[in-house]
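Take a look at the letters that make up each chain.
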Amino acid sequence: MSKALEGQGKTVLITGASAGIGKAFADVFATNGFDVVLVARRIEKLEEVASELESKHGISTRCIAADLAKSTSAKKIYDELKREGVTIDALVNNAGYAITKPFTEAKWKDHSDLMNVMVNSVTQLCYLFAKDMKANGYGRIINLSSVAAFSPQYGGNLYGATKAFVKDLSEALDLELKKHNVYCTALCPGFTRSEFHDVMGVSSAMDKLPKWIWMDAKTVANQGYRAVMRGDVRYVNGILNKSLVTAMGFLPGKVKYFLSEKQNVF
Ligand SMILES: NC(=O)c1ccc[n+]([C@@H]2O[C@H](COP(=O)([O-])OP(=O)(O)OC[C@H]3O[C@@H](n4cnc5c(N)ncnc54)[C@H](OP(=O)(O)O)[C@@H]3O)[C@@H](O)[C@H]2O)c1
């Protein structure tokens, strides 16, 4: 008799599942038997991902078009799934992007939208679903942070600050929830091939970076999946990024600040 898959009878909700790392996460969870709820703004992209996963893995899918920059979206998603009796066993807060304009030159609306997507929605989705996970005695949460969480960022303005928040939030949640069999992992990738840098409009600058610093989305998602299932509270993807983060841990704040001033790649 074949062994039951880890995710059989369980459902994962993944934000930002229409592209890049989120799309790769959908495939990893589906491979492990999870049904998937896919969230992003581009519904047609989500439907393409969903139909590919259904035929490849024979799982059930559901697509929800939502703009997480709207402060009402997280609760709407939660209420819709509750109404339909869908239990969420795993959550991947993955949707994200960055603004390249200097802080004082970007519009406030752009900063406010970014914080809604990368801070408020992440926190509210954790809040709503973690309560149910705790009551059910099972939950797995992956929050996408970044190596950018480990030092101040010049040229990436709010991005590093939101990723530091996500890292710290994930670690605090894990402390509270792990005794209920609800694990929370802050996943910290470095440069990863996806639509991320196209959306930022910096693809040509990124193409000048050496190939060996890049990881592919599938590897990042696979490592993230294994990390949360093991109960790792923080996982930095790849030897290069791990070495970088370890080295930064030894550097005094002033040195990190100085290096950040030199590192503006945009
Ligand atoms: N790529 C990297 O080098 C890298 C490194 C470290 C961390 N990360 C983090 O990894 C995560 C995934 O990034 P990625 O590289 O996979 O980027 P990506 O290919 O550009 O995908 C971003 C996803 O986020 C969704 N999204 C963006 N704004 C949204 C909004 N307002 N509402 C709902 N969904 C929204 C997009 O979907 P729609 O456009 O369809 O809404 C898309 O599915 C992000 O949190 C990013 O910060 C990336």
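Residues numbered from 1 in each chain as written. Predicted model: local features only at pLDDT ≥ 70, side-chain atom pairs only at ≥ 80, totals over all residues. Heavy atoms only, no water.

Peer 1: I'd love a proper account of the nonpolar core, names of residues and values included.
Peer 2: Leu13, Ile77, Leu81, Leu91, Phe129 and Ile141 are the most contacted members of the largest nonpolar core, which has 42 residues in total. Among the secondary structure elements, those contributing two or more residues to this core are strand S2 (35–40), helix H3 (73–83), helix H4 (108–136), helix H5 (158–177) and strand S6 (182–188). Counting residues per element, this core draws most heavily on H4, at 10 residues. Sequence-distant contacts of leucine 13, that is, excluding residues within four places in its chain, are made with Val37, Val39, Ile77, Leu81, Ile88, Ala90, Leu91, Val92 and Phe129. By size, the runner-up hydrophobic cluster in this structure holds 34 residues, among which are Ile59, Leu187, Met215 and Val228. (Core = buried A, V, L, I, M, F, W, Y, C linked by side-chain atoms within 4.5 Å. Buried < 20%, exposed > 50% of the residue type's maximum accessible area, 1.4 Å probe, protein only. Helix = DSSP H or I, 4+ residues; strand = E, 2+ residues; numbered from the N terminus. Contact = heavy atoms within 4.5 Å.)

Peer 1: An account of the site of the ligand is needed here, citing residue identities and associated values.
Peer 2: Neighbouring residues of the ligand: 32 residues in total, closest Ser18, Ile21, Arg41, Tyr159 and Ser194. The separation between an oxygen atom of the ligand and a polar side-chain atom of arginine 42 is 2.8 Å. At 3.2 Å from an oxygen atom of the ligand is found a main-chain nitrogen or oxygen belonging to phenylalanine 196. Contact with the protein chains covers 96% of the free accessible surface of the ligand, which is 890 Å². With three residues, the top contributor of residues to the shell around the ligand is helix H6 (residues 196–200). Split into classes, the residues belonging to the shell around the ligand amount to 16 nonpolar, 11 polar and five charged. (Near = heavy atom within 4 Å. Polar contact = N/O pair within 3.5 Å; in protein donor to acceptor, adjacent residues only side chain to side chain. Areas by Shrake-Rupley, 256 points an atom, 1.4 Å probe, with all protein chains shown as cover. Nonpolar A, V, L, I, M, F, W, Y, C, P; charged D, E, K, R; others polar.)

Peer 1: Break down the pattern of salt bridges for me, with residues and values.
Peer 2: Following the criterion strictly, the structure yields 10 salt bridges and no others. One salt bridge in this structure joins arginine 62 and glutamate 84, with 2.7 Å as the shortest N-O distance. Highlighted residues: arginine 62 in strand S3 (residues 61–65) and glutamate 84 in the loop between H3 and strand S4 (90–93), separated in sequence by 22 residues. The shortest N-O distance in the salt bridge between glutamate 171 and arginine 234 comes to 2.8 Å. Pair noted here: glutamate 171 is in helix H5 and arginine 234 is in strand S9 (residues 234–236), with a separation of 63 residues, a long-range link. Residue arginine 234 is classed as partly exposed on the basis of its relative accessible area, which comes to 36%. Beyond isolated ion pairs, a larger network of salt bridges with shared partners links Arg62, Glu80 and Glu84. (Salt bridge = Lys/Arg side-chain N within 4 Å of Asp/Glu carboxyl O.)

Peer 1: Give me helix H1 (residues 20–31): which residues, what numbers.
Peer 2: A rise of 1.5 Å per residue sets the reference length of H1, with its 12 residues, at 16 Å; its end C-alpha atoms lie 17 Å apart and thus fit the reference within 8%. Of all 12 residues making up H1, nine are buried, and the element is well covered by its neighbours. Those residues of H1 lying buried are Ile21, Gly22, Ala24, Phe25, Ala26, Asp27, Val28, Phe29 and Ala30. Within two residues after H1, glycine 33 carries a phi angle of roughly 95°, on the positive side. (Expected span 1.5 Å × (residues − 1).)

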